[in-house]
Amino acid sequence: MCVGVPMQVISIDGDFAMTEVDGVKREASLMMLDQEVKVGDFVIVHAGFAISKLDEEDAKATLELMREVYSPELMG
Amino acid sequence: MNYSDSFRDKELVQGLARRIAELTKGVEKPLVFMEVCGTHTMAIYQFGLRSLLPPQVKLISGPGCPVCVTPNSYLDRAIALCRLPDVIITSFGDMLRVPGSSSSLMEERAKGADIRVVYSPLDAVQLAAKNPTKRVVFLGVGFETTAPTIAGSILAAKAQGLTNYFVLASHKTMPQPMAILSADPDLQVDGYICPAHVSAIIGADAYRFLCEEYRVPCVVTGFEPTDVLQGVEMLVRQALAGESKVEIQYSRVVRWEGNAKAQAMLADVFTPFDAPWRGIGVLPGSGLRIADKYAEFDAELAIPVQVEELKEHKGCLCGEILKGKVSPFDCPLFGGKCTPESPVGACMVSSEGTCAAAFKYGR
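Residues numbered from 1 in each chain as written. Chains lettered and ligands numbered in written order. Predicted model: local features only at pLDDT ≥ 70, side-chain atom pairs only at ≥ 80, totals over all residues. Heavy atoms only, no water.

As annotated in an unreviewed UniProt entry, chain A carries the name HypC/HybG/HupF family hydrogenase formation chaperone and is attributed to Geomonas diazotrophica. In its Sequence similarities (unreviewed entry) section, the UniProt record describing chain A reads: "Belongs to the HupF/HypC family." (UniProt positions renumbered as here; feature names shortened; annotations may be inferred.)

Here you go:
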């Protein structure tokens, strides 16, 4: 029930955005979002509402840091 | 998303698990961490994360599945409502199979009740607009992630001037049960894996009082295997250093202050009340009911019904399981009388329930 899905904004029409992940399209209300979004941004969509923006740069940075810290070669 | 698979990278996962094993080498009393979000419960079982962790780290599940903590009395009222000839019940799918005192919404639907599963509460508002001679009731359960979407549906119904849209509200808020569990002497929790998307709304600051009052570390963690393991590592580090602070592992989504707009919607449409939790009892201020200024949308007030007498299911250990005191495998009904096809208790119904996850992945 509480599964929020990361989806990419492909168009915006007033208070609604069309979002897409893996070819699946869903309309999401932007009523609850307190951050500005534009086409191309990622958002977490829960029960028909975008609840938060997903920071793609931060996701990549997290992964990079994880790879540095936890890669088998470096752990010895 | 191209990078989402990377959070499941096998080598990365194994590297994280090895690091946790190294950190906890020589620790005598196992560290116990509780997750309080059904999606975490699912992820932990689905990816077999327990088997990757050393014996010094134990993960237990708490009251994180919204369907599971919804008491029989709520279902009984929903069932009474669905028996009215002009009522359409709308709900997220999980609720349908949860047994009430003597029936379930699924059984009622088979008998002819108009019960529809929707993806969004806004779909229910649309249904009300299209069916002006019917009364459309949405079953509003869920935590702080779902509650603002229901608030949004009430605001949308009001803006459209609808008088036939109602919500049977039984929303729960997360920090209170965590405080109750932290104070329980029978339950030694060394740290919380804090919910991801609930925290996107309420903000990581909402857990600060737990760290201060109960000296329990809190890490807001995402749902991918690497997220959970990194969250566990952060908890291990805090626990071993004797620290208790809030940290955000899931920084790509969660901020300290949360989502101000969603919080404002919650404060506008709902009022806190003393909510009953299945198996846990009434927790002061732990629920959200519809505020007086939106009373016309409150199904409980607007549509009076006779609700049958409450009956609890004998032998079901859902209550103890929701408190993290026993594992599903300790329940005498588990896998025998109680299965996902024929559930006795709520924890076996929702895919986010501890028993359902244990049944599917845990054996």
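Undergrad: Explain the sheet that holds strand S9 (residues 246–248) of chain B here, please?
TA: Residue and element names in this part refer to chain B. Taken in spatial order, the five strands of this open sheet run S2-S1-S7-S8-S9, and their pairing is parallel. Since the sheet does not close on itself, it has two edges, and those belong to strand S2 (57–61) and S9, each with one partner. Adjacent strand axes in the sheet meet at a mean angle of 25° when their direction is disregarded. One ladder, built from five bridges, connects strand S1 (residues 31–35) with S2; its direction is parallel. (Pairing = 2+ DSSP bridges. Helix = DSSP H or I, 4+ residues; strand = E, 2+ residues; numbered from the N terminus. Axes fitted to C-alpha atoms, helices over the stretch in contact; angles between N-to-C directions.)

Undergrad: Can you help me understand the side chain of Glu224 of chain B in this one?
TA: All names here are of chain B. When you line up the elements, Glu224 lands in the loop between strand S8 (218–220) and helix H11 (225–240). A residue is classified by how much of its surface remains accessible, and Glu224, at 15% relative accessible area, is buried. Setting aside residues up to four positions removed in sequence, Glu224 forms contacts with Ser4, Phe7, Arg8 and Arg252. (Buried < 20%, exposed > 50% of the residue type's maximum accessible area, 1.4 Å probe, protein only. Contact = heavy atoms within 4.5 Å.)

Undergrad: Which parts of the structure should I look at to understand the pattern of salt bridges?
TA: Side chains bearing opposite charge may pair, as long as their charged atoms lie close to each other. The final tally for this structure, using the stated rule, is 19 salt bridges over all chains. As a salt-bridge pair, Lys60 of chain A and Glu56 of chain A come within 3.4 Å of each other at their nearest N and O atoms. Taken together, the residues Lys60 of chain A and Glu56 of chain A, both in helix H1 (residues 56–70) and four residues apart, mark about one turn of the helix. Of the charged contacts, one joins Arg252 of chain B and Asp227 of chain B as a salt bridge, the two residues approaching to 2.7 Å between their closest N and O atoms. Of this pair, Arg252 of chain B sits in the loop between S9 and helix H12 (260–269) while Asp227 of chain B is found in helix H11, placing the two residues 25 residues apart along the sequence. The exposure classification of Arg252 of chain B matches that of Asp227 of chain B, with both residues buried. Each of Asp34 of chain A together with Arg255 and Glu257 of chain B takes part in one network of salt bridges that share partners. (Salt bridge = Lys/Arg side-chain N within 4 Å of Asp/Glu carboxyl O.)

Undergrad: Which parts of the structure should I look at to understand unusual backbone geometry?
TA: Most peptide bonds adopt trans geometry, and most residues besides glycine take a negative phi value. Here the phi dihedral of Asp22 of chain A falls at roughly 45°; this positive angle occurs in a residue that is not glycine. With respect to the helices and strands, Asp22 of chain A occurs in the loop between strand S2 (16–21) and strand S3 (24–29). Of note in the backbone geometry, Arg215 of chain B takes a positive phi value of approximately 55° without being a glycine.

Undergrad: Explain the interface of chain A and chain B here, please?
TA: How large an interface is tends to be reported as the accessible area lost when its parts come together. Between chain A and chain B, the residue contacts involve 40 residues of the former and 53 residues of the latter. Interface area for chain A against chain B, summed over the two sides, is near 3900 Å², with a carbon-plus-sulfur share of 64%. Here chain A is connected to chain B by one salt bridge. Counting every contact that joins chain A to chain B gives 14 residue pairs in polar contact (both at pLDDT 80 or more). Only S2, S3, strand S4 (42–46), strand S5 (49–54), H1 and helix H2 (72–75) of chain A provide two or more residues apiece to the side of chain A that touches chain B. In terms of residue class, the side of chain A that touches chain B is built from 24 nonpolar, seven polar and nine charged. (Buried area = accessible area lost by both parts, 1.4 Å probe. Polar contact = N/O pair within 3.5 Å; in protein donor to acceptor, adjacent residues only side chain to side chain. Nonpolar A, V, L, I, M, F, W, Y, C, P; charged D, E, K, R; others polar.)

Undergrad: How do you make sense of the nonpolar core when you look at a structure like this?
TA: Soluble, globular proteins show a tendency: their nonpolar side chains are buried together. With 140 residues, the main nonpolar core has Val137, Tyr165, Tyr192, Tyr207, Val232 and Phe270 of chain B as its most contacted residues. The leading source of residues in this core is helix H4 (residues 72–82) of chain B, at seven residues. Membership of the second largest hydrophobic core comes to eleven residues, among which are Val9, Val21, Ala28 and Val45 of chain A. (Core = buried A, V, L, I, M, F, W, Y, C linked by side-chain atoms within 4.5 Å.)

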